[in-house]
Every structure is written in C-alpha cells, then in structure tokens.
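# Structural overview
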Amino acid sequence: MAKGKKQPKRILIVGGGYVGLYTALGLQRKLRSLEASVTVVDPQPHMTYQPFLPEAAAGSIEPRHVVVPLRKVLRRCHVLTGRVTKIEHANKTATVESIDGHVQQISYDVLISALGSISRLLPIPGLAEQGIGFKTVGEAIYLRNHVLSRLDLAASTDDPELRRKLLTFLVIGGGYAGVEALAELEDMARYAIRYYDNISAKDMRWVLVEATGRIMPEVSAKMGVYTVKVLEKRGIEVFLDTRVKTLENGHIVLDDGTEFDADTVIWTAGVKANPMLQQTDLPLDERGRVRCTADLQVAGLSDAWAAGDNAGVPDLSRIKEDPTATCSPSAQHAVRQAKRLVPNVLASIRGKKPKPYFHKYAGSVASLGLYKGVSDVLGVIRLKGFLAWLLHRGYHLSRMPTFNRKVRIMFDWLGAFVFRREVISMGQIQDPKTEFARAAKS
Ligand SMILES: Cc1cc2nc3c(=O)[nH]c(=O)nc-3n(C[C@H](O)[C@H](O)[C@H](O)COP(=O)(O)OP(=O)(O)OC[C@H]3O[C@@H](n4cnc5c(N)ncnc54)[C@H](O)[C@@H]3O)c2cc1C
C-alpha cells in the first residue's frame, strides 16, 4: 500500500446467524472497493433459519433448506469456521478456536457482536441427561428421527409399560418454539401411525408443561387461550402454572403431583444471552446482553456494535411507557436491527452520524401443524386455522434469506402437498458406525 493511502478497515462479525448473515450480506453489497474487509466467524458453516425448524422436524421442509451456507452467499467476505472464545476490545483482538482445536488471534478495527442466545437450563434433576433443546438443525433432525423411531420401537415391544413410555412425549416451555415444535411433531406422528397396525392416536400421549398461566406470550392472551383449546382438542395435555420437579431416568414429576414416564423430553423454556460475552470486555446488562445505545453501538465504546438476541437495545417504541424497555429476543428484531446496522456501520466508517433503531411490534405468526395456525397482526387482525397457517408460511418465506432457499422451500412444500409427508426415520444417522463395527466383528 502506498504511503499516505488509507488502509481498508477490518470489520469482524462474531456469529453468522440471523444478524451476522444479514449484516455481512448488506456490507458486502454496499462497501466500496478497498473501503473495508469483512470477516465472519461462526462454529457452524451455515446460518440457521430457526422459525422453520419445527417444519424441518416434521418433514414438511428438507432440513438442508432451512440453513444458508455462509461461504456460498458471502463471496466477498472472509468466512472462518471456528468459535470466538475471547474478545479484548481494548486491544481490538478476538481469540478464535477452530474445530480442530487450533487457536489464533484476530485483529480488527470494527467489531459486530452477533452471538445470539443459548437455551436457558434450570437445575432440574435429570434435565441435562434426558432433555434436548430445539434451537439447531441438528436437534430438529435428531427429534424427527427420534420420534419416528419411538413409534417403531413401541410397535415392536410386548412390554406395556415400556410401550407407554416410548409413546409419551413431553415439551417443557410454551413459547412459540415449544408450541410449534410440539404441534408439528405431534401432527407428523399422528400422520405416521396410519402405517402402524398396532398403534392408534389414543396410544400416544403428548404433554406441554408451562410454568406461567399462559402459552405463546408473543400473541394476545385471547389467542393464547385459543391455542390451548386447539391443542387440547387434538388430545394434547397442557399443564399451565406448572413446573417440572424432576426428570430422572425419564420419570417425570410435576409440582402439582402428576407423575408419568416419558422417553422424549424437549426443553424450550427460554433462552439466555450467549455466555461467551462474559469472556469479553464489552459492557453487559443485568441479563448478560451487550449494553447498547439505540443506534446499536455498544454503550461507551467506539467501533463496537451489537444486535439480535445477544444485545440489549433500547426499545424506542415502548420508551414512553417504560424508559428501561429493551427489544425482545426475536427474529423480528434481529432482521430489522441487521438492516439498520449496515447503514450505521457504513456511516460511522465514512464519518457520518448513525441513526437510531425503531421498530414497533408487528405481531406474531405460528404454525400448529399442517394447515393449522394462529396469528396476531399488529394486535388488530387475529387469524386462526388455515388462513393463519398460510400467513405463517408466507411471512417466513419472505424472511428466509436468499432466493435459492426460498425456491427450494417452495418446492419442498409443493412436493409434500402432492406426495404427502415423508415419514422415514433415518435413525442410522444417529449412530452411523454400528453396521460397520458389526461387519468388522463377523
Ligand atoms: C424453534 C424456534 C422458532 C422461532 N420462531 C420465531 C418466530 O416465529 N418469530 C421470531 O421473531 N423469532 C423466532 N425465533 C427466534 C429467532 O430465531 C431468534 O431471535 C433469532 O435467530 C436471533 O438472531 P441472532 O442473529 O441474534 O442469533 P442466531 O440466529 O442464534 O445466531 C447466533 C450465531 O452465533 C453463533 N455463535 C454462537 N457462539 C459463538 C461463538 N462463540 N463464536 C462465534 N459464533 C458463535 C451461532 O452458531 C449462531 O450462528 C425462533 C427461535 C427458535 C429456536
């Protein structure tokens, strides 16, 4: 580089999820030549569109299509597959551990923290051993295979107690992730049992346990009550104001005294900010999120930005009623914050003023299985059943990044509509070396 010529800024995006991907896509489109380089670090080589995980688990969408390969779409960025383990913004360095354990230090000029959230576990005996979360495409694939394989096992056993346990499925946590996972998986299992001559719908037991007095806080209370009714009509047991006391060895004890055995326990009772933030010198709020200003800058620091589930961003749409209000962890905020982040980072690099993030809650949509849904748009238009389900699909399809993924998902839906659901359990994926090891012994 010739003397006196400006060096390109090095932008480091930590996390290639919703915020990371959308921000990198925007920056690679809008950055001028040699203005800045962009590096994205994520332990996964892809971004996951989480709102489609329930449909991927239920077999309506091919799981590969709910993820977006980072290297393929971020052609003008540098993608590093690794885990950031430390950030020292004072020295502008991040420590990255790659999958093979190799550790390297990366220097940067501008930091964007997009680390998202992780499942919030409680100290319930047996939870870590028996439970599984519902945040990754791996968990969605596992659960699909697991639920279908429980049907196979139940159909093949003579032990009535074991059969009852295999056919009992428990979901803990009644937010949209839990309700959608439960509704989609139950719908899939109900469809699949037509191919089992000794299992009927009443042999299965699906249970939802929620600690508060309502489910789906994302929709209005009225729609929450409606959702409970829909689930109960399908034979799903919903326990409100109830907590799980223990899950040891698959024996479930609830705090109202109810006891039963379940072989499947899905934990969706909330998320917390990525704990990696504790290994940084970024200021954190009481919920462990990066403390941000309304224009998405990290409070009190220059050249540091954050957005999405890992950021405590003031919610300007509610600031009059509650001056301490911050944005909730949702895709709705994540995608819009990423869209604001791009011009703000560019403005700051170009010596201009960034603008504040403002978004008023636009409502929620949720799928309750094939052709069934619930939605609440702007708190005014409340839809149920087929129309709500259509809105759910249309809305999420419009939010799914890249044209390629949108088209593939549409073809998946078309295929499932024409040929109906695919109900094969690919359980071998869970333990692919079994057959080879058996062959080696013979
Ligand atoms: C099943 C489910 C359904 C949902 N449905 C809806 C819905 O209908 N509507 C809605 O608004 N919201 C929904 N959400 C929430 C929404 O998906 C999240 O709010 C959104 O993904 C947050 O985006 P993010 O970029 O902050 O985090 P994420 O998209 O989670 O991205 C975080 C990224 O950081 C990476 N990462 C983690 N640790 C490290 C590290 N140490 N170093 C580098 N990278 C790291 C992760 O691999 C990940 O790629 C749903 C969530 C789930 C789980």
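Heads up: these notes are all about the structure in this document. (Residues numbered from 1 in each chain as written. Predicted model: local features only at pLDDT ≥ 70, side-chain atom pairs only at ≥ 80, totals over all residues. Heavy atoms only, no water.)

### With respect to the overall build of the protein chain
The secondary structure content of the protein chain amounts to twelve helices and 24 strands. For a compact globule of 442 residues, the expected C-alpha radius of gyration is about 22 Å, and the protein chain comes in at 23 Å, within 12% of that figure. If one aligns the C-alpha atoms of the protein chain with their principal axes, the spans along those axes are about 80 × 65 × 45 Å. Counting every position in the protein chain, which comprises 442 residues, the buried fraction comes to 52%. Of the contacts made within the protein chain by residues no fewer than 6 positions apart, 66% connect residues no fewer than 24 positions apart. Only carbon and sulfur atoms are counted for the fraction: they give 55% of the accessible area of the protein chain, which is about 21500 Å². If you average the places of the 61 positive and of the 45 negative side-chain charges in the protein chain, the two averages end up 11 Å apart. (Helix = DSSP H or I, 4+ residues; strand = E, 2+ residues; numbered from the N terminus. Rg over C-alpha atoms; globule rule 2.2 N^0.38 Å. Buried < 20%, exposed > 50% of the residue type's maximum accessible area, 1.4 Å probe, protein only. Contact = heavy atoms within 4.5 Å. Areas by Shrake-Rupley, 256 points an atom, 1.4 Å probe, with all protein chains shown as cover. Lys, Arg positive; Asp, Glu negative; His and termini not counted. Charge placed at Lys NZ, Arg CZ, Asp CG, Glu CD.)

### A word on the packing of aromatic side chains
In total, this model carries nine aromatic pairs according to the counting rule given. Site record: aromatic cluster; members linked through ring pairs are Y18, Y22, Y49, F52 and W413. A cation over an aromatic ring shows up here: R205 above the ring of F260, its NZ or CZ 4.6 Å from the ring centre. (Phe/Tyr/Trp six-rings, centres within 6.5 Å; stacked < 30°, edge-to-face > 60°. Lys NZ or Arg CZ within 6 Å of the ring centre and 35° of its normal.)

### Topic: the nonpolar core
By size, the foremost hydrophobic cluster in this structure holds 112 residues, and its most contacted members are I11, L27, L74, L151, W206, L231 and V345. What L151 contacts, discounting residues up to four positions off in sequence, is L167, A189, A192, I193, Y196, I199 and M204. If you look at the next biggest cluster of nonpolar residues, it comprises 16 residues, including I172, V244, I252 and A262. (Core = buried A, V, L, I, M, F, W, Y, C linked by side-chain atoms within 4.5 Å.)

### Description of the sheet that holds strand β15 (residues 251-254)
Taking strand neighbours across the sheet as the criterion, the three strands line up as β14-β15-β16 in an open arrangement whose pairing is antiparallel. Each edge of the open sheet is held by one strand with a lone partner, namely β14 (244-246) and β16 (259-261). Looking at each pair of strands side by side, their axes are set apart by 35 degrees on average, direction ignored. (Pairing = 2+ DSSP bridges. Axes fitted to C-alpha atoms, helices over the stretch in contact; angles between N-to-C directions.)

### Some details on the sheet that holds strand β20 (residues 304-306)
With mixed pairing, seven strands are arranged side by side in an open sheet as β7-β6-β5-β2-β1-β8-β20. Each of the sheet's edge strands pairs with one partner strand only, and the pair in question is β7 (103-107) and β20. Adjacent strand axes in the sheet meet at a mean angle of 35 degrees when their direction is disregarded. Relative to the sheet, helix α1 (residues 18-30) contacts β1 (9-14), β2 (36-42) and β8 (110-113), its axis offset from that of β1 by approximately 155 degrees.

### Re helix α10 (residues 385-399)
The end-to-end C-alpha distance of α10, which contains 15 residues, comes to 21 Å, matching closely the 21 Å that a straight helix rising 1.5 Å per residue would cover. Turning to α10, its buried residues are G385, A388, W389, H392, R393, H396 and L397. In a view along the axis of α10, the buried residues occupy a sector of 165 degrees, so they form one face of it. (Expected span 1.5 Å × (residues − 1). Arc of directions from axis to C-beta.)

### Concerning the state of the cysteines
Under the defined criterion, the tally for this structure stands at zero disulfides. Counting only cysteine sulfurs, C327 is the nearest neighbor of C292, a cysteine outside any disulfide, at a range of 9.5 Å. Under the relative-accessibility criterion, C292 is labelled buried at 7%. (Disulfide = S-S within 2.5 Å.)

### Quick word on the site of the ligand
Residues in contact with the ligand amount to 29 residues; listed here are only the nearest, V19, D42, Q50, Y176 and D309. With respect to the ligand, the side chain of Y176 contributes an N or O atom lying 2.9 Å from a nitrogen atom. H396 places a polar side-chain atom, nitrogen or oxygen, 3.4 Å from an oxygen atom of the ligand. When the ligand sits alone it has 1000 Å² of accessible area, and the protein chains cover 90% of it. Residue assignment for the shell around the ligand shows that the elements contributing at least two residues are α1, β2, β5 (78-88), α7 (176-192) and α9 (331-349). Here the shell around the ligand gets three residues from one element, more than from any other, and that element is α9. (Near = heavy atom within 4 Å. Polar contact = N/O pair within 3.5 Å; in protein donor to acceptor, adjacent residues only side chain to side chain.)

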